[in-house]
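Here is how the chains run, residue by residue.
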Amino acid sequence: MFVFVYGTMKKGFPNSYLLADVNFVGEAQTVDKYPLIVASRFNIPYLLGAKGVGNQIIGEVYDVTDSQLKVLDTLERYPEFYNRIEIPIELAIDSKVISCSTYVLDRYKDSLLQCKMLKSYSKDSSMLYLKPCDRSTQTTDHRDDVMDYSK
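Residues numbered from 1 in each chain as written. Predicted model: local features only at pLDDT ≥ 70, side-chain atom pairs only at ≥ 80, totals over all residues. Heavy atoms only, no water.

### What to know about the overall build of the protein chain
Worth spelling out the cut-off: Helix numbering and strand numbering both begin at the N terminus, where a helix is a DSSP run of H or I of at least 4 residues and a strand a DSSP run of E of at least 2. For every residue, the accessible area obtained with a 1.4 Å probe (protein chains only) is divided by the maximum for its type, and the residue is called buried under 20%, exposed over 50%, and partly exposed between those limits. Note on contacts: a residue pair is in contact if any heavy atoms of the two residues lie within 4.5 Å. Counting rule for charge: Lys and Arg are taken as positive, Asp and Glu as negative, and neither His nor the chain ends is counted. Where a charge lies is defined by one atom per residue type, namely NZ (Lys), CZ (Arg), CG (Asp) and CD (Glu).
Across its full length, the protein chain carries three helices and seven strands. Start at the N end of the protein chain and walk to the C end: the helices and strands fall as β-β-β-β-β-α-β-β-α-α. If you line up the protein chain on its principal axes, its C-alpha atoms span 45 × 30 × 30 Å. Classification of the 151 residues of the protein chain by burial places 40% in the buried group. Here the contacts in the protein chain between residues at least 6 apart in sequence split such that 73% fall between residues at least 24 apart. Counting 18 positive and 20 negative side-chain charges, the protein chain places the centres of these two groups 3 Å from one another.

In structure tokens, the structure reads:
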């Protein structure tokens, strides 16, 4: 199964260790536009499930096994927090379009659409990101910062 990652799991970012032993397919971008923002008290990158809004997102594609996917699902709190959807992705190397799973936040606060929308999560974007292991045990739940539970 192909997975498209756009944030902290990309090479050189804090959660890339989760994909260290996974088959890297290549750099790619979404065919459709999506809002990629950085939000919450932990400065986490979120891909909002608002297809057609924002930018084509640059990221990476990996070919994962079912057991590797379960590890990613745990990090992303799928299905309780993020939704995992299939979207078309264009590979940079040959412009081939393939179907990939990716994680989107569907139940987001509408105010998040006012945040700066990125094309790519970069080192500059990630400078204030706080890794899960560095978060206070009393303030680890960032969902209330971004989720609209009525959706």
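### Some points on the nonpolar core
Counted only if it meets this: To qualify as a nonpolar core, a set must consist of buried Ala, Val, Leu, Ile, Met, Phe, Trp, Tyr and Cys residues joined through side-chain atoms within 4.5 Å.
The biggest cluster of nonpolar side chains holds 42 residues, and the ones touching the most others in it are Phe 4, Tyr 6, Tyr 46, Val 61, Leu 105 and Val 146. Where this core is concerned, the elements lending two or more residues are strand S1 (2-5), strand S2 (23-34), strand S3 (36-39), strand S4 (44-47), strand S5 (55-63), helix H1 (66-76), strand S6 (83-91) and strand S7 (97-104). Sort the elements by how many residues they give to this core and S7 lands first, with four residues. Apart from the residues within four sequence positions on either side, Phe 4 is in contact with Ala 28, Gln 29, Thr 30, Ile 57, Ile 58, Gly 59, Glu 60, Val 61, Ile 89, Cys 100, Ser 101 and Thr 102.

### So, the side chain of Thr 30
Inclusion rule: Here a polar contact is taken to be a pair of N or O atoms separated by no more than 3.5 Å, where protein atoms must pair a possible hydrogen donor with a possible acceptor and residues adjacent in sequence count only if both atoms sit in side chains.
Mapping Thr 30 onto the fold places it in strand S2. What makes Thr 30 buried here is its relative accessible area of 0%. Polar side-chain contacts of Thr 30 include one of 2.6 Å to the backbone oxygen of Asp 32. Setting aside anything within four residues of it in sequence, one finds Thr 30 in contact with Phe 4, Asn 55, Gln 56, Ile 57, Ile 87, Pro 88 and Ile 89.

Coordinates in, geometry out; function isn't part of it.
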